[in-house]
Amino acid sequence: MFSAEERDRLREQIIAAARADKRITGAAITGSAALGNQDEWSDIDLFFGMAKEAELPGALSDMTELMYSEHGALHHFDVVAGPATYRVFLMASTLQVDLAFTPASSFGAVTPSFKVLFGEPVERERYLPPAAMSLLDYGWLYALHARSSIQRGKVWQAEYMIGMVRDQVLAAACVRFGLPWREARGMDRLPAEEKHRLEAALVRSLEPVELRRALKAVTDCLVDEIEHADPALAKRIAPALRELG
């Protein structure tokens, strides 16, 4: 297990290496540290801008070599988002380190969690939360699959689909309350009554009768959330959805 001191020291070492690399023209802290609310479990999130896009693979490769040879990296994988490549490292201490590299033309904030350390950021269009119905439409789709899975005796698939409905409802509730909706980041900050109503949607066993009970509970929550997003639509589709449980 890593300590906060070890994490912060490693972050500073990586930043120092970036400052010394003439190919890197900008650096920013992202994630919870950029907002000043990191805790002892927070990981390292850094975002680097490159003056020349053609030099990005070389700088990424050199930083990767440094992470393994000097800092105890065990493994990594890449996430590509637009022009940026996020290299996600698992360290021997179990610390997660996310290092993003992007051309200077896209070195800028798309969320509030972006604290520039050096370089000149560009103005970028901010990410906006999705429309609630774009999440809830998947909710009713997963509910249909949950019902058919139960009827087919595919109990593990049914449990998975019920969980997916619940997750879409929770994500839509986060959008409604202005909380982060991706990857459950805001779910624990929802009002207690919002979370409490979805506790009944937790599957307690793989018995068909229990799966049907949980499906009914989660479908009721789905209909309630659709009523917040689009009352007219909810009135139209609620009778059909309530028959699923």
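Summarised in this report is the structure supplied together with it. (Residues numbered from 1 in each chain as written. Predicted model: local features only at pLDDT ≥ 70, side-chain atom pairs only at ≥ 80, totals over all residues. Heavy atoms only, no water.)

**Some remarks on the overall build of the protein chain**
Line of reasoning, step 1. Along the protein chain, the regular secondary structure elements total eight helices and six strands.
Line of reasoning, step 2. Its helices and strands in sequence order give the protein chain the pattern α-β-α-β-α-β-β-β-β-α-α-α-α-α, from N to C terminus.
Line of reasoning, step 3. A principal-axis box enclosing the C-alpha atoms of the protein chain has dimensions of 65 × 35 × 35 Å.
Line of reasoning, step 4. Relative to its 245 residues, the protein chain shows a buried fraction of 43%.
Line of reasoning, step 5. Across the protein chain, the fraction of contacts at a sequence separation of at least 24, relative to all contacts at a separation of at least 6, is 56%.
Line of reasoning, step 6. Working note: accessible area of the protein chain is about 13,300 Å², and carbon and sulfur atoms make up 54% of it. (Helix = DSSP H or I, 4+ residues; strand = E, 2+ residues; numbered from the N terminus. Buried < 20%, exposed > 50% of the residue type's maximum accessible area, 1.4 Å probe, protein only. Contact = heavy atoms within 4.5 Å. Areas by Shrake-Rupley, 256 points an atom, 1.4 Å probe, with all protein chains shown as cover.)

**A look at the pairing of strand β5 (residues 96-103)**
Line of reasoning, step 1. Counting buried positions along β5 gives seven out of eight residues, so the element sits mostly inside the fold.
Line of reasoning, step 2. As consecutive antiparallel partners, strand β4 (residues 84-91) and β5 are separated by four residues, and within that stretch Thr-94 has a phi angle of approximately 75°, a positive value. (Pairing = 2+ DSSP bridges.)

**Thoughts on the pattern of salt bridges**
Line of reasoning, step 1. Counted according to the given criterion, the structure contains 14 salt bridges.
Line of reasoning, step 2. When the shortest N-O distance is used, the salt bridge between Arg-197 and Glu-225 registers 2.7 Å. Of this pair, Arg-197 sits in helix α6 (residues 192-199) while Glu-225 sits in helix α7 (residues 208-229); the two residues are 28 residues apart in sequence, bridging distant segments of the chain.
Line of reasoning, step 3. The exposure class assigned to Glu-225 is buried, which follows from its relative accessible area of 2%.
Line of reasoning, step 4. One network of salt bridges, in which partners are shared, links Arg-176, Glu-194, Arg-197, Asp-224 and Glu-225. (Salt bridge = Lys/Arg side-chain N within 4 Å of Asp/Glu carboxyl O.)

**Topic: the nonpolar core**
Line of reasoning, step 1. One finds Leu-136 and Ile-226 to be the most contacted residues of the largest nonpolar core, which totals 38 residues.
Line of reasoning, step 2. When residues of this core are traced back to their parent elements, those giving at least two are α4 (132-151), α5 (155-176), α7 and α8 (231-242).
Line of reasoning, step 3. Take this core: its biggest share by element is twelve residues, from α5.
Line of reasoning, step 4. Once you skip the residues sitting within four places of it in the chain, Ile-226 turns out to touch Met-133, Leu-136, Pro-231, Leu-233, Ala-234, Ile-237 and Leu-241. (Core = buried A, V, L, I, M, F, W, Y, C linked by side-chain atoms within 4.5 Å.)

**Remarks on the state of the cysteines**
Line of reasoning, step 1. Following the criterion strictly, the structure yields zero disulfides and no others.
Line of reasoning, step 2. We note that Cys-174 lacks a disulfide partner, and the nearest cysteine sulfur, in Cys-221, lies 14 Å from it.
Line of reasoning, step 3. Of the residues examined, Cys-174 reaches a relative accessible area of 0% and is grouped as buried.
Line of reasoning, step 4. Among the residues examined, Cys-221 registers a relative accessible area of 5% and is labelled buried. (Disulfide = S-S within 2.5 Å.)

**Things to note about the packing of aromatic side chains**
Line of reasoning, step 1. Applying the stated criterion across every chain, the model contains seven aromatic pairs.
Line of reasoning, step 2. Seen in terms of ring centroids, Phe-47 and Phe-107 are 6.1 Å apart; in terms of plane orientation they differ by 20°. Their pairing is stacked. Taken together, the residues Phe-47 in strand β2 (residues 44-50) and Phe-107 in the loop between β5 and β6 (114-118) connect sequence positions 60 residues apart. By the burial criterion, Phe-47 is buried, and Phe-107 matches it.
Line of reasoning, step 3. Chaining the aromatic ring pairs together yields one cluster made of Phe-47, Tyr-86, Phe-107 and Phe-114. (Phe/Tyr/Trp six-rings, centres within 6.5 Å; stacked < 30°, edge-to-face > 60°.)

**Some remarks on a nonpolar patch on the surface**
Line of reasoning, step 1. Where nonpolar side chains cluster on the molecular surface, the patch consists of Tyr-138, Trp-140, Leu-141 and Leu-144 and spans about 330 Å² of accessible area.
Line of reasoning, step 2. On the secondary structure map, Leu-144 appears in helix α4.
Line of reasoning, step 3. The exposure class of Leu-144 is partly exposed, given its relative accessible area of 31%. (Patch = residues over 30% accessible without salt bridge, like charges linked within 9 Å, V, L, I, M, F, W, Y side chains within 5 Å.)

**Points about the environment of Leu-222**
Line of reasoning, step 1. Looking at the element boundaries, Leu-222 is found in helix α7.
Line of reasoning, step 2. Residue Leu-222 is classed as buried on the basis of its relative accessible area of 0%.
Line of reasoning, step 3. Spatially, the C-alpha atom of Leu-222 lies 9.2 Å from that of Ala-238, the residues being 16 residues apart in sequence.
Line of reasoning, step 4. Every residue in contact with Leu-222, bar those within four places of it in the chain, is listed here: Leu-136, Gly-139, Trp-140, Val-165, Val-169 and Leu-241.

No statement about biological role is implied by the geometric values presented.
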